[in-house]
Amino acid sequence: MGFNCGIVGLPNVGKSTLFNALTSTAAAQAANYPFCTIEPNVGRVAVPDPRLDKLAEVAKSGKIIPTQLEFVDIAGLVRGASRGEGLGNQFLANIREVDAIVHVLRCFEDGDVTHVEGSVDPVRDAQTIETELMLADLDSLERRVVAAGKKAKGGDKEAKAQLDVMEPVLAALRDGRPARSVKLEEDGRAILKTLGLLTSKPLLYACNVEEASAAAGNAFSEKVAAMAKAEGAAHVVISAAIEAEVALLSDEAEKKEFLETLGLAETGLARVIRAGYELLHLITFFTVGPKEAHAWTLPKGLKAPQAAGVIHTDFERGFIRAETISYVDFIACGGEAGAKEAGKMRLEGKEYVVQDGDIFHFLFNV
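Residues numbered from 1 in each chain as written. Predicted model: local features only at pLDDT ≥ 70, side-chain atom pairs only at ≥ 80, totals over all residues. Heavy atoms only, no water.

1. Details of the overall build of the protein
Part 1: The helix and strand inventory of the protein stands at 14 helices and twelve strands.
Part 2: For the protein, with 366 residues in total, the buried portion stands at 50%.
Part 3: Restricting the contact set of the protein to residue pairs at least 6 apart, pairs at least 24 apart contribute 68%.
Part 4: Counting only carbon and sulfur atoms, one obtains 51% of the accessible surface of the protein, whose full area is about 17,800 Å². (Helix = DSSP H or I, 4+ residues; strand = E, 2+ residues; numbered from the N terminus. Buried < 20%, exposed > 50% of the residue type's maximum accessible area, 1.4 Å probe, protein only. Contact = heavy atoms within 4.5 Å. Areas by Shrake-Rupley, 256 points an atom, 1.4 Å probe, with all protein chains shown as cover.)

Following this line, the structure appears as structure tokens:
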């Protein structure tokens, strides 16, 4: 499992349409009225990676197993959600469970699709959702700071460490800034993650534009781009309508031709995944053989035993070393045997930091 993203936004911005397209399923009901999504829908999609197909071709692998990305379609939030308006409380809880937030913003005019605020303004919409998430975090943190303060006074070191993180975050929230805006050391960031704050999660803005603007964006998406840059957030331009059409095409050549007619080199899914990987600092490593070529996801900066543990906990527990070939060398040498012969296979130990595209064969003993 790569990571999971909660798709959030105001009602009628195209969340469920996008979800259906991304997961090629009709599991989420897309309709032109608020709260058509009553339970969060979960869909898993294969992460497209041309390297995996090439590895399988070179190794003559019988099966290709890509890593997966999970999308959670969360019902439309409205102004007042933090106070329980609409279906707020229920779905704020759902957002706490995801790794990152994909915030879909309506960046198109359409008189046939009502807007809950009465007009199209993606920056205002983003601020509406962010305010609700900050208010929910503020309410949660104010109560927890009191409890942590009492424990810290009693000499509880863990509570003191939490308090050192909570207090600056609480000050930021009171100042109208999200938790993610607070600069913390590595230990502080680890503590922040355990607090489950909505506004501490990495954020990706998805600008849902009309078909004609899918390649270059429009005036609405440009405003979002400026906002994202100021916040240090990521953004992508995507057309849920186009993604819905692409999802109906089963032939890859047909998909490519359709996208090219619209001036697009790839699907919106590919752009969302790439932005998501960058957002969460993830990399991909591979295991390759005649039976299967398999892609695996790992946070950047982790070491070889932890990569082994992604495959199986026994591999990490009994890790001895990793036979390692870079993707470039594997392809250039025509596979594992050629890489060995050319001296391109390396034996890496427990301190080796995994690089994107590494191909591993783990040696272990339990």
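2. Description of the nonpolar core
Soluble globular proteins: nonpolar side chains tend toward being buried together.
Part 1: Counting residues in each nonpolar core, the largest one holds 53 residues, and the members touching the most others are Leu69, Phe71, Ile95, Leu204 and Tyr205.
Part 2: With six residues, the top contributor of residues to this core is helix α10 (residues 268-279).
Part 3: Residues within four places of phenylalanine 71 in sequence aside, it is in contact with Cys5, Ile7, Phe19, Leu22, Asn41, Val42, Gly43, Val45, Leu269 and Val272.
Part 4: If you look at the next biggest cluster of nonpolar residues, it comprises 21 residues, including Ala159, Val169, Val182 and Leu184. (Core = buried A, V, L, I, M, F, W, Y, C linked by side-chain atoms within 4.5 Å.)

3. Quick word on unusual backbone geometry
Part 1: Although it is not a glycine, asparagine 12 adopts a positive phi angle of roughly 65°.
Part 2: Within the element layout of this structure, asparagine 12 appears in the loop between β1 (3-8) and α1 (15-23).
Part 3: Despite not being glycine, lysine 60 has its phi angle at roughly 55°, a positive value.
Part 4: Mapped onto the fold, lysine 60 is located in the loop between α2 (50-59) and β3 (63-65).

4. Overview of the environment of valine 366
Part 1: Position of valine 366 among the secondary structure elements: in the segment after β12 (359-364).
Part 2: Since its relative accessible area comes to 57%, valine 366 is described here as exposed.
Part 3: For the pair valine 366 and phenylalanine 315, spaced 51 residues apart in sequence, the C-alpha to C-alpha distance is 8.1 Å.

5. With respect to the sheet that holds strand β7 (residues 234-238)
Part 1: Reading across from one edge, β2-β4-β1-β5-β6-β7 is the order of the six strands in this open sheet, with mixed pairing throughout. Looking at which strands have only one partner, the edges of the open sheet turn out to be β2 (41-46) and β7. For this sheet, the mean angle separating the axes of adjacent strands, direction not counted, is 25°.
Part 2: Across six bridges, the pairing between β2 and strand β4 (residues 68-73) is antiparallel. Residue pairing across strands places alanine 46 opposite glutamine 68, the latter belonging to β4. (Pairing = 2+ DSSP bridges. Axes fitted to C-alpha atoms, helices over the stretch in contact; angles between N-to-C directions.)

6. Concerning the packing of aromatic side chains
Part 1: One pass over the structure, following the stated rule, counts seven aromatic pairs.
Part 2: A ring pair is formed by tyrosine 352 and phenylalanine 360, whose centres lie 6.4 Å apart and whose planes are at 85°; its orientation type is edge-to-face.
Part 3: With relative accessibility at 14%, the residue tyrosine 352 sits in the buried group.
Part 4: Taking the relative accessible area as the measure of exposure, phenylalanine 360 reaches 4% and is therefore buried.
Part 5: Taking 4.9 Å as the distance between ring centres and 35° as the angle between the ring planes, the aromatic pair formed by phenylalanine 360 and phenylalanine 362 counts as tilted.
Part 6: Following the ring pairs from residue to residue traces out a cluster consisting of Phe285, Trp296, Phe319, Tyr352, Phe360 and Phe362. (Phe/Tyr/Trp six-rings, centres within 6.5 Å; stacked < 30°, edge-to-face > 60°.)

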